[in-house]
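Spelled out from the first residue to the last, the chains are:
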Amino acid sequence: MDHSGHGMMTDLPPFTLGRGLGWSADPFFLVACVLGLALYGWGVVRLHRRGDAWPVGRTVAYVVGVLSIALMMCTKLNDYGMVMFSVHMVQHMVISMVSPILILLGAPVTLALRALPPAAVRGRKGPRELLLMLLHSRYMRVITHPVFTIPMFIASLYALYFTPLFDFLMGSRVGHIAMMIHFLAVGVVFFWPIMGVDPGPHRPGYLMRMLELFAGMPFHAFFGIALMMASSPMVSTFENPPASLGIDALSDQNAAGGIAWAFSEVPSVLVLLALLFQWYASDQRQARRKDRAADRDGDKELEAYNAYLASLNTHGG
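All values reported here derive from a predicted model rather than from experimental measurement.

**Student:** How should the overall build of the protein be read in this particular structure?
**Tutor:** Assigned secondary structure in the protein consists of 15 helices and 0 strands. Contacts spanning at least 24 positions in sequence make up 78% of the contacts within the protein whose residues lie at least 6 apart.

The structure is reproduced here in C-alpha cells:
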C-alpha cells in the first residue's frame, strides 16, 4: 500500500519529540490554519475599531486551538503518524477532542455574527444573514442533535479503525486529509451544543449537557482498552512499520490504545470545568438581572407580598 504524498516514509529515523516537531507542512492544513487565524483576527480588529470589547481569553483559546491543529498536521508528527499507530492516535485525539474544545471556547460564530456587516440593502442577504440562515437551518438542527452527534462520535472510532475503510483512507494524501477533516468536524458538532458558548440550534440545560458529554466517553475508553489488550495488530496500515523506526507493531498498537484511553478522560475534565464555570456565571447573571429589576420597580414583588400578608392579617382580625 502506498502511504504516498508524505515523502519516503521508509527511511524515517526512530521517533523522538524533537524530530516529530520539525517543520513538514501539509499544504491544505497550513492554508486552512492561516486563513482561520486571519479571519478571526479580522473580526477582533473590526470590533475594537468600533469600540466593542472582545474577551482576550476567547482569542487565546481560539489561537491555541488552531495552532494545535497546525502542530499535528504541519510538523513531522504528520509524517510519523502515517507509519506509527501511536503518533497517529495522538493526532486523532488532539484534532477530534482538544482542538474543537479550544476553538469552541473562542466563540468564532459569536464573533462572526458581531463582526460581519448586515446586508447593505434591506431584504437582501449579506454574509451575516446567510450565517444566521445556516444556524437556523434544518441541516444544522440534525447534525448538532445528540441523536446524531453521539453515534457519529462513537462510529469515528469503531467503524473506522475496525473496518477496511481506515486502510483505504490512509492509502492516499486526499484520503488522509479527508479523515482528519472528519475527526475535526465530528469533534466540533459533538462539543458545540455541550460547550454552549456559541449560539446554535440546540440549547440543552447544563445537566443535559453533562449527560451528553459522558454518554460518548466510555466508548472512547473501551476502544483504547480493546487496542491495548489485542494480541495481534488490528490495523493493516501499521502492521509492518519501517525497520528504521526500530519499533514493534503490537507494542506501538498498545501505546495507541493507552493514548486513546487517556484522552477519554482529559477532555471530559476540561469540558466539565468549562460547564461548571458557565453554570456559575449564568446563575450570577440571573441574580444580577433580578437585582436590577428590583431596583427599577422599587421591589414591587416584595411590596405586593407584604400587602398580601397585611390583607391576611386584616381578614384574620
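**Student:** Help me out: how do you make sense of the packing of aromatic side chains in this one?
**Tutor:** Any two aromatic rings considered together are summarised by their centre-to-centre distance and by the angle between their planes. Within this structure, the stated rule accounts for 14 aromatic pairs. Ring geometry for Phe 190 and Phe 191: centres 5.0 Å apart, planes at 80°, overall edge-to-face. The exposure class assigned to Phe 190 is buried, which follows from its relative accessible area of 1%. Given a relative accessible area of 0%, Phe 191 falls into the buried group. A connected cluster of aromatic rings, assembled from ring pairs, spans Phe 85, Tyr 158, Tyr 161, Phe 162, Phe 166, Phe 223 and Phe 238.

**Student:** Would you mind showing me how to read helix α6 (residues 108–115) here?
**Tutor:** Residue pairs three or four apart in sequence face the same way in an α-helix, which turns once every 3.6 residues. Those residues of α6 lying buried are Val 109, Thr 110, Leu 111, Leu 113 and Ala 115. On its buried side, α6 packs onto α2 (27–49), α3 (56–73), α7 (127–135) and α11 (173–195).

**Student:** Got a minute to help me understand helix α5 (residues 85–105) in this structure?
**Tutor:** Here α5 is 21 residues long and its end C-alpha atoms lie 29 Å apart, about the 30 Å a rise of 1.5 Å per residue gives. Remark: the principal bend of α5, roughly 40°, maps to Val 94. Within two residues after α5, Ala 107 carries a phi angle of roughly 50°, on the positive side.

**Student:** In this structure, what is going on with the confidence of the model for the protein? I would like to understand it.
**Tutor:** Segments scoring low in pLDDT should not have their predicted coordinates read at a detailed level. Across the protein, the average pLDDT comes to 83, with 87% of residues at or above 70. Of the regions scoring below 50 in pLDDT, residues 1–8 engages in 19 contacts with residues more than four places distant in sequence or in other chains.

**Student:** What am I meant to see in the packing of α2 against α3 here?
**Tutor:** Each pair of packed helices gets described by two things: the angle between the helix axes and the distance between those axes. For the pair α2 and α3, the least separation of the axes is 9 Å and the interaxial angle reads 170°. Of the possible angle classes, the one that applies to α2 and α3 is roughly antiparallel. Of the residues in α3, those touching α2 at Phe 29, Cys 33, Gly 36, Leu 37, Tyr 40 and Val 44 are Arg 58, Thr 59, Tyr 62, Val 63, Val 66, Leu 67, Ile 69, Ala 70 and Met 73. Here the residues of the contact of α2 with α3 are counted per class, giving 12 nonpolar, 2 polar and 1 charged.

**Student:** Hey, could you run me through the pattern of salt bridges in this one?
**Tutor:** Two side chains with opposite charge may pair up if their charged atoms get near one another. A full pass over the atoms with the stated rule returns 2 salt bridges. Notably, a salt bridge pairs Arg 173 with Asp 26, separated by 3.7 Å at the nearest N-O pair. Of this pair, Arg 173 sits in helix α11 while Asp 26 sits in the loop between α1 (17–20) and α2, and the two are 147 residues apart along the sequence.

**Student:** Help me out: how do you make sense of the nonpolar core in this one?
**Tutor:** Among soluble globular proteins, nonpolar side chains are generally buried collectively. In this structure, Met 89, Tyr 161 and Phe 191 are the most contacted members of the largest nonpolar core, which totals 77 residues. Ranked by the residues each element gives to this core, the list is headed by α5, at 12 residues.

**Student:** Is there a simple way to think about unusual backbone geometry in this case?
**Tutor:** Trans peptide bonds make up the majority, and among non-glycine residues the majority have a negative phi. For Ala 107, which is not glycine, the phi torsion reads 50° and is therefore positive. Mapped onto the elements, Ala 107 comes out in the loop between α5 and α6.

**Student:** Hey, could you run me through the side chain of Thr 110 in this one?
**Tutor:** When you line up the elements, Thr 110 lands in helix α6. In this structure Thr 110 comes out as buried when scored by relative accessible area, which is 17%. Among the polar contacts listed, one links the side chain of Thr 110 to the side chain of Asp 198, at a separation of 2.6 Å. Residue contacts for Thr 110: discarding those within four places in its chain leaves Trp 54, Arg 58, Val 197, Asp 198 and Pro 199.

**Student:** What exactly am I supposed to notice about a nonpolar patch on the surface here?
**Tutor:** A surface patch of nonpolar side chains, about 620 Å² in accessible area, is lined by Phe 219, Phe 222, Ile 225, Met 228, Met 229 and Trp 261. For the nonpolar patch, the element with the most residues is helix α12 (residues 206–229), which contributes 5 residues. Tracing the sequence through the fold places Met 229 in helix α12. By relative accessible area, Met 229 is classed as exposed at 67%.

How each quantity is defined
Residues numbered from 1 in each chain as written. Predicted model: local features only at pLDDT ≥ 70, side-chain atom pairs only at ≥ 80, totals over all residues. Heavy atoms only, no water. Helix = DSSP H or I, 4+ residues; strand = E, 2+ residues; numbered from the N terminus. Contact = heavy atoms within 4.5 Å. Phe/Tyr/Trp six-rings, centres within 6.5 Å; stacked < 30°, edge-to-face > 60°. Buried < 20%, exposed > 50% of the residue type's maximum accessible area, 1.4 Å probe, protein only. Expected span 1.5 Å × (residues − 1). Bend = angle between axes of the 7 residues up to and from the residue. pLDDT = per-residue confidence, 0-100. Axes fitted to C-alpha atoms, helices over the stretch in contact; angles between N-to-C directions. Parallel < 35°, antiparallel > 145°, perpendicular 65-115°, else oblique. Nonpolar A, V, L, I, M, F, W, Y, C, P; charged D, E, K, R; others polar. Salt bridge = Lys/Arg side-chain N within 4 Å of Asp/Glu carboxyl O. Core = buried A, V, L, I, M, F, W, Y, C linked by side-chain atoms within 4.5 Å. Polar contact = N/O pair within 3.5 Å; in protein donor to acceptor, adjacent residues only side chain to side chain. Patch = residues over 30% accessible without salt bridge, like charges linked within 9 Å, V, L, I, M, F, W, Y side chains within 5 Å. Areas by Shrake-Rupley, 256 points an atom, 1.4 Å probe, with all protein chains shown as cover.

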